[in-house]
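If you want the building blocks of each chain, they are given just below.
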Amino acid sequence: MKKVSDKRKAQNKAYKVVRDQFMIDNPICERCGRKSTENHHKNGRNGERLTDVTYFMAVCRDCHVWIHEHPKESREAGWLI
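Let me sum up the structure you'll find in this document. (Residues numbered from 1 in each chain as written. Predicted model: local features only at pLDDT ≥ 70, side-chain atom pairs only at ≥ 80, totals over all residues. Heavy atoms only, no water.)

### Re helix α1 (residues 6–25)
At step 1: With 20 residues, α1 extends 29 Å between its outermost C-alpha atoms, agreeing within 8% with the 28 Å of an ideal straight helix rising 1.5 Å per residue.
At step 2: Those residues of α1 lying buried are Tyr15, Phe22 and Met23. Summarising the axial view, the buried residues of α1 lie within an arc of 85 degrees, below the 170-degree limit, and thus occupy one face. Facing away from the buried side of α1 by over 90 degrees, the exposed positions are Asp6, Lys9, Lys13, Val17 and Ile24.
At step 3: Here the buried face of α1 lies against β1 (38–41) and β2 (56–59). (Helix = DSSP H or I, 4+ residues; strand = E, 2+ residues; numbered from the N terminus. Expected span 1.5 Å × (residues − 1). Buried < 20%, exposed > 50% of the residue type's maximum accessible area, 1.4 Å probe, protein only. Arc of directions from axis to C-beta. Contact = heavy atoms within 4.5 Å.)

### What about the packing of aromatic side chains?
At step 1: Under the criterion given, the structure shown has 3 aromatic pairs.
At step 2: Ring geometry for tyrosine 15 versus phenylalanine 56: centroids 6.1 Å apart, planes at 85 degrees, classification edge-to-face. Separated by 41 residues along the polypeptide, tyrosine 15 in helix α1 and phenylalanine 56 in strand β2 bring together distant segments of the chain.
At step 3: Judged by its relative accessible area of 6%, tyrosine 15 is buried.
At step 4: Here a set of aromatic residues connected by ring pairs shows up, and it is made of Tyr15, Phe22 and Phe56.
At step 5: When the ring centre of tryptophan 66 is taken as origin, the NZ or CZ atom of arginine 31, which lies over that ring, is 3.9 Å away.
At step 6: The ring centre of tyrosine 15 lies 5.1 Å from the NZ or CZ of arginine 45, which sits over that ring. (Phe/Tyr/Trp six-rings, centres within 6.5 Å; stacked < 30°, edge-to-face > 60°. Lys NZ or Arg CZ within 6 Å of the ring centre and 35° of its normal.)

### Some remarks on the environment of threonine 54
At step 1: Summarising the element assignment, threonine 54 is placed in the loop between β1 and β2.
At step 2: The exposed category is assigned to threonine 54, whose relative accessible area is 55%.
At step 3: Sequence separation between threonine 54 and lysine 42 is 12 residues; the distance between their C-alpha atoms is 8.9 Å.

### A few points about the pattern of salt bridges
At step 1: Throughout the structure, instances matching the rule amount to 5 salt bridges.
At step 2: Aspartate 62 is paired through a salt bridge with arginine 34; the nearest N and O atoms lie 3.2 Å apart. Residue aspartate 62 is found in helix α2 (residues 61–69), and its partner arginine 34 is found in the loop between α1 and β1; the two are separated by 28 residues along the sequence.
At step 3: Judged by its relative accessible area of 43%, arginine 34 falls in the partly exposed class.
At step 4: The network of salt bridges with shared partners includes Lys16, Arg19 and Asp20. (Salt bridge = Lys/Arg side-chain N within 4 Å of Asp/Glu carboxyl O.)

Set out below in structure tokens:
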């Protein structure tokens, strides 16, 4: 059995292109203002949300961890949907 289906492999390939451009266009962490290093998905990564930049958020690693460790505050701020 494959670890990743052909469909998901194609989705991941498309995501990499969109993500890489998003990170170039958004070099600053949207939470703290430091250099962004990761893409946070505010509304999950399922289906078409994987490549929907509407729900992307450029963040540094520390802020990405903080967002997931503080779901109540993150939802109130709009960082988790």
